[in-house]
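Residue-level listing of the chains:
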Amino acid sequence: MSVDAKYKTSATASGGGRDGKTKLEDGSMELQLVVPKELGGPGGEGANPEKLFALGYSACFLGALRVGAQQLKTKVPEGSTVNATVGIGPRSEGGFGITAELDVYLPAMAEDEAQKLIEVTHGICPYSNAIKASVDVPTKVRT
């Protein structure tokens, strides 16, 4: 697979990884990382890779909905939202894996039209494309 990257960004993690810091190379963002209690850490305020993935996936999927809508010659309704829930845990095959679920709200859109839009959008969204071989992404559509 070949990707012609039109934009790239770079971040560096330091400290303990999941309990250190991460910052963007351009200096626009730096985050303190904390291991969740559920994974044996102290929990508390701070980010973690799953939180960052959920933020990115929800925003990216919402943007990709607009591209999908253009392809289908429709519009994404005003007030639409995407909620991404991302989890982490041990895999039956060993190591760790992630889970992802999307809750897409498309107010006043016909349900069949909304389902088609979601299907098309999963083929457009880079996050969906990046994980489709290893993560099932249940998608709840509300209209």
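Given the structure is predicted, the values throughout are model-derived calculations rather than measurements.

**Comments concerning the nonpolar core**
One recurring pattern in soluble globular proteins is that nonpolar side chains are buried together.
Reasoning step 1: Y57, F61, L65, V104 and L106 are the most contacted members of the largest nonpolar core, which totals 20 residues.
Reasoning step 2: If one sorts the elements of this core by residue count, helix α1 (residues 49-71) sits on top with five residues.

**Topic: the side chain of E50**
Reasoning step 1: On the secondary structure map, E50 appears in helix α1.
Reasoning step 2: Look at E50 and you get buried, because its relative accessible area is 10%.
Reasoning step 3: Residues within four places of E50 in sequence aside, it is in contact with R18, V86, G87 and I88.

**What to know about the sheet that holds strand β2 (residues 21-24)**
Reasoning step 1: Taken together, three strands build an open sheet; the order of strands is β1-β2-β3 and the sheet is antiparallel. Each of the sheet's edge strands pairs with one partner strand only, and the pair in question is β1 (11-14) and β3 (30-32). Each strand of the sheet is rotated relative to its neighbour by a mean of 15 degrees, with strand direction disregarded.
Reasoning step 2: Two elements, β1 and β2, share four bridges in a ladder whose sense is antiparallel. The residue of β2 that forms the bridge with A13 is T22.

**Describing the pattern of salt bridges**
Opposite charge on two side chains makes pairing possible when the charged atoms of those side chains draw close.
Reasoning step 1: Inspection of every chain in the model, using the stated rule, returns six salt bridges.
Reasoning step 2: Here K6 ties to D4 by a salt bridge, and the two come within 2.7 Å at their closest N and O atoms.
Reasoning step 3: The class for K6 is exposed, based on a relative accessible area of 73%.
Reasoning step 4: With its nearest N and O atoms 2.6 Å apart, the salt bridge here joins R18 to E50. With R18 in the loop between β1 and β2 and E50 in helix α1, this pair connects stretches of sequence that are 32 residues apart.

What counts as what
Residues numbered from 1 in each chain as written. Predicted model: local features only at pLDDT ≥ 70, side-chain atom pairs only at ≥ 80, totals over all residues. Heavy atoms only, no water. Core = buried A, V, L, I, M, F, W, Y, C linked by side-chain atoms within 4.5 Å. Buried < 20%, exposed > 50% of the residue type's maximum accessible area, 1.4 Å probe, protein only. Helix = DSSP H or I, 4+ residues; strand = E, 2+ residues; numbered from the N terminus. Contact = heavy atoms within 4.5 Å. Pairing = 2+ DSSP bridges. Axes fitted to C-alpha atoms, helices over the stretch in contact; angles between N-to-C directions. Salt bridge = Lys/Arg side-chain N within 4 Å of Asp/Glu carboxyl O.

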